[in-house]
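Reading the structure
The residues making up each chain are set out below.
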There are 2 protein chains.
Amino acid sequence: MNQPILAPSVRGPVDHDIRDQIVAAANEHFSQYGYGKTTVSDLAKAIGFSKAYIYKFFDSKQAIGEAICKNCLAQIVAAVEKAINVDGISPTERFRRLVKTLVTTGADLFFNDRKLYDIAAFAASERWSSTEVYNAQIKDFVLQIIREGRELGEFERRTPLDETVDSIHLALRPFVNPLLLQYNLDLIEDAPTLTSNLILRSLMP
Amino acid sequence: MNQPILAPSVRGPVDHDIRDQIVAAANEHFSQYGYGKTTVSDLAKAIGFSKAYIYKFFDSKQAIGEAICKNCLAQIVAAVEKAINVDGISPTERFRRLVKTLVTTGADLFFNDRKLYDIAAFAASERWSSTEVYNAQIKDFVLQIIREGRELGEFERRTPLDETVDSIHLALRPFVNPLLLQYNLDLIEDAPTLTSNLILRSLMP
């Protein structure tokens, strides 16, 4: 509605850059002052844009938070992908890497940068689409590993595939979900191995 | 320090009754107005005792909260005990009952009475001794069931007993810990069965 009618073709790439700029600046600002306490006005002042200008690109503070959250979760997914998509490792090893990477990357991202944590918390508690996408991606990693393990005869095949995947995803939730991870930080040392072992025992043929 | 020097023998039972009275009244008051927002002065006013009198029995608001929390958790433990200590059921069935009772009683107690939830949240986040005792009791139930199952040949014996118990207790945490349970309320329908099944598969000989 606010876009210049005469130059629609310019909108794409330029807007994309400005969006990125706002997200980066907001990320920086939230890291320092926290997401919950910052208003769009504060943000506009800090970035040096007008509030109205920011509202051209984002409907709300939440929309900016969503974009930051999406970036964060994409980093976790990328780290997991890199850790598990290695040739010549067994499904068992792939699964262990999945769990370990989820925990360490998640903890690093959210808790070394504690001020960003409340964005993740908002995101998880309000079921932002970014966290739903993230959950689906993690579940898909689990599905791929279980499928491969079943095909290779490394994992049991009696349990319906969807039950196996659902129950594993559920068991991993304390590490996948940033809201739950905060209560598990003191367990980060031992929990991934204990949980991986338990799940792998449940997969034995 | 405040007790009458000449009548120490009276202190026990009478003080006990008054403590119970304060806990019951505080429970009622917190249920209505919340734990976080209530001060000891508010409480004193509501109960009709002086603040100084309450402080004779409890060092702080937290001490009153602890007493309420202890009662709550004792109710969960009692419900679990009743559900699992039934003659003639298998360790597998005992385990299913443990999980189901933990979830349903926990959810009932803490979430039908949402205002009391913040006490439980404080308790779990600050590791009050009542929650530590509760955790130890739940872990002991798990230990007993696993031992029985191993003796009867129903569960595998390759994994060290303490690892089995630790990993199961960890897998149950989202349902045992009230702080985590709040994020799992929408899963209460299916999660207990899925989690029980996964754990029981991991226990297969």
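A brief structural summary. (Residues numbered from 1 in each chain as written. Chains lettered and ligands numbered in written order. Predicted model: local features only at pLDDT ≥ 70, side-chain atom pairs only at ≥ 80, totals over all residues. Heavy atoms only, no water.)

**Things to note about the pattern of salt bridges**
In plain terms, the rule: In what follows, salt bridge is the name for a side-chain nitrogen of Lys or Arg lying within 4 Å of a carboxyl oxygen of Asp or Glu. Each helix corresponds to a stretch of at least 4 residues labelled H or I by DSSP, and each strand to a stretch of at least 2 residues labelled E; elements are numbered beginning at the N terminus. Note on classification: 1.4 Å probe, protein chains only; a residue is buried when its accessible area is under 20% of the maximum for its type, exposed when over 50%, partly exposed between these limits.
Applying the stated criterion to the full structure yields 12 salt bridges over all chains. A salt bridge links E163(B) to R201(A); the shortest N-O distance between them is 3.5 Å. Here E163(B) is found in helix α8 (residues 161–176), whereas its partner R201(A) is found in helix α10 (residues 191–202) on a different chain. Each member of the pair, E163(B) as well as R201(A), carries the same accessibility label: buried. The network of salt bridges with shared partners includes E156(A), R158(A), E163(A) and R201(B).

**A word on the interface of chain A and chain B**
This is how the line gets drawn: Whether two residues are in contact is decided by their heavy atoms: any pair within 4.5 Å suffices. For any pair of parts, buried area is found by adding up, for both, the accessible area (1.4 Å probe) each one loses once the two are put together. Polar contacts, as used here, are pairs of N or O atoms within 3.5 Å; protein pairs need one atom able to donate a hydrogen and one able to accept it. Residues neighboring in sequence count only if both atoms are side-chain atoms.
Of the residues lining the interface, 28 residues belong to chain A; the matching set on chain B comes to 28 residues. In terms of surface lost to chain B, no three residues of chain A exceed Y183(A), L198(A) and R201(A), which account for 27% of the buried area on that side. Between chain A and chain B we count 4 salt bridges in total. On the surface where chain A and chain B come into contact, there are 8 residue pairs in polar contact (both at pLDDT 80 or more). Only α8 (161–176), α9 (178–181) and α10 of chain A provide two or more residues apiece to the side of chain A that touches chain B.

**Some remarks on the relation of the copies chain A and chain B**
Note the threshold: Least squares is used to superpose the copies, and the fit set is the C-alpha atoms of residues whose pLDDT is at least 70 in both copies.
For the pair chain A and chain B, the best superposition has an RMSD of 0.0 Å and corresponds to a rotation of 180° with a translation of 0.0 Å parallel to the axis. Read as a symmetry element, the transformation amounts to a two-fold axis. For chain A, the smallest separation between a C-alpha atom and the rotation axis is recorded for S202(A), amounting to 1.8 Å. Residue by residue, 100% of the interface of chain A is reproduced at the interface of chain B, so both copies engage with the same surface.

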